Amino acid sequence: MPYSPEGATIAVLIPCYNEAATIAKVVDDFRRELPSADIYVYDNNSSDDTASIARAHGAIVRRETRQGKGNVVRQMIRDINADAYLMVDGDDTYPAEAAADLVRPLLEGTADMTIGDRLSNGSYGRENDRAFHGFGNNLVRFLIKRIYGFSFNDVMTGYRGFSQVFAKTMPVESAGFEIETELSIHAVDKRWRVHEVPIDYRDRPEGSESKLDTFSDGLAVLRMIGSLFKDYRPLALFTLFAALFVLLGLIIGIPVVVEYHQTGLVERFPSAMLALGLVSTGLLCVACGLVLDTTAKSSRKDYELRVIEAYEKYPLPELHDSE
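Residues numbered from 1 in each chain as written. Predicted model: local features only at pLDDT ≥ 70, side-chain atom pairs only at ≥ 80, totals over all residues. Heavy atoms only, no water.

A few points about the side chain of T93
Point 1. Relative to the helices and strands, T93 resides in the loop between β5 (84-87) and α4 (99-108).
Point 2. There is a polar contact of 2.8 Å between the side chain of T93 and the side chain of D91. (Helix = DSSP H or I, 4+ residues; strand = E, 2+ residues; numbered from the N terminus. Polar contact = N/O pair within 3.5 Å; in protein donor to acceptor, adjacent residues only side chain to side chain.)

Structural data, given as structure tokens:
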């Protein structure tokens, strides 16, 4: 059923690169489900007719010349003001029928980020037969669970909603497809309210090709996790490094110590020096982690103050549901 709450502005964000085969249907579907929304298509240097087709179907079309989905999302958030944002790919794999369920919690103030979950009902596994995609999603979910203690059902979905405060305080650093991972980690690290909505995913229609490279984009995602882990949880990261260095130092150094107690001599002097160097490096890692952890906590406090200011600047709309 169409969702058109009075008193609120909704922006549908569609980053696109060569989606001429599907963009008309995507724009039409979201126009039907969210009649009062502004639909933005950001063309990311397409070589086909994506932009002209989207414009002909009533979308607001803009161009982002910096290649990569993360670059597009960053510019969208900078350019557009709305009470709620709904981001969706232009490949017609995500159902517009779920739009209301993703937007409503944002406008009612019960969620800060909503996620279109493709995995809970098994639709992604049935529709997507590309090797390693499911494995990559599961790996990232596992790492986030281990690092941050939060369990996502689907961490790499491209179907998401954001509140205005979340969007305007989100520091997008990604250039490419790792943007979904960055959004997810930012949300759990900053304790935003996350609400997942199961959706029926469908694979790309014939004539539409995926731009995702499983291996190169997968490595970019893992690099992003490592970078954010360093920024958000430096003490945990450097403690892990410290433990590895100290363990290696003990493995190498204990036989030297045993030999010294038995003979009174240090015959394997290079091993002793290596063990000492490894243990010292481990202790240095702990010291670095403590310093960076203090910096991260200070940054988190500053961020919380910015969020408070953002709530004052972007208050929730007073809704009059005309559904």
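Here's the deal with helix α11 (residues 269-313)
Point 1. Between its first and last C-alpha atoms α11 spans 65 Å; for 45 residues at 1.5 Å apiece the expected length is 66 Å, and the two agree.
Point 2. Residues of α11 that are buried include every one of A275, L278, G282, C285, G289, D293, A296, R300, Y303, V307 and A310, and no others. (Expected span 1.5 Å × (residues − 1). Buried < 20%, exposed > 50% of the residue type's maximum accessible area, 1.4 Å probe, protein only.)

Observations regarding the pattern of salt bridges
Pairing between side chains of opposite charge can happen when the charged atoms of each approach one another.
Point 1. Taken as a whole and judged by the stated rule, the model has 18 salt bridges.
Point 2. In this structure, D189 engages R233 in a salt bridge whose closest nitrogen and oxygen atoms are separated by 2.7 Å. In this pair, D189 sits in helix α8 (residues 179-189) while R233 sits in the loop between α9 (214-232) and α10 (234-263), placing the two residues 44 residues apart along the sequence.
Point 3. On the accessibility criterion, R233 (26% relative accessible area) is partly exposed.
Point 4. The residue R300 makes a salt bridge to D189 at a minimum N-O spacing of 3.2 Å. Of this pair, R300 sits in helix α11 while D189 sits in helix α8, and the two are 111 residues apart along the sequence. (Salt bridge = Lys/Arg side-chain N within 4 Å of Asp/Glu carboxyl O.)

A word on the confidence of the model for the protein
Point 1. When pLDDT is averaged along the protein, the result is 88; 91% of the residues meet or exceed 70.
Point 2. Across the protein, the secondary-structure element scoring lowest on mean pLDDT is strand β9 (residues 320-321), at 58, and the one scoring highest is β5, at 98. (pLDDT = per-residue confidence, 0-100.)

Concerning the packing of aromatic side chains
Point 1. A complete count under the given rule lists 7 aromatic pairs for this structure.
Point 2. The interplanar angle of 10° and the centroid separation of 5.6 Å between the aromatic rings of F162 and F166 together place this pair among those described as stacked. A single burial state applies to F162 and to F166, both of which are buried.
Point 3. Members of the aromatic cluster, each reached through a chain of ring pairs, are F30, Y94, Y159 and Y201.
Point 4. Of note, K190 hangs over the ring of Y303, and the distance from its end group to the ring centre comes to 5.3 Å. (Phe/Tyr/Trp six-rings, centres within 6.5 Å; stacked < 30°, edge-to-face > 60°. Lys NZ or Arg CZ within 6 Å of the ring centre and 35° of its normal.)

A look at the environment of T110
Point 1. Inspection of the secondary structure assignment puts T110 in the loop between α4 and β6 (113-117).
Point 2. Sequence separation of T110 and M273 is 163 residues, and the distance between their C-alpha atoms is 58 Å.
Point 3. If we ignore the near neighbours within four places in the chain, the residues touching T110 are P105 and R193. (Contact = heavy atoms within 4.5 Å.)

Remarks on the layout of surface pockets
Point 1. Of the pockets and cavities examined, the second largest pocket occupies roughly 270 Å³.
Point 2. Along the walls of the second largest pocket sit 15 residues, with K190, D231, Y232, A296 and S299 positioned nearest its centre.
Point 3. Elements represented by at least two residues in the lining of the second largest pocket include exactly α9 and α11.
Point 4. Taken together, the residues of the lining of the second largest pocket sort by class into 7 nonpolar, 2 polar and 6 charged. (1 Å grid on protein atoms, 1.4 Å probe; cavity = no way out; pocket = protein on both sides within 12 Å on 5 of 7 lines; lining within 4 Å. Points joined across faces, edges and corners; volume = space filled by probe spheres on them. Nonpolar A, V, L, I, M, F, W, Y, C, P; charged D, E, K, R; others polar.)

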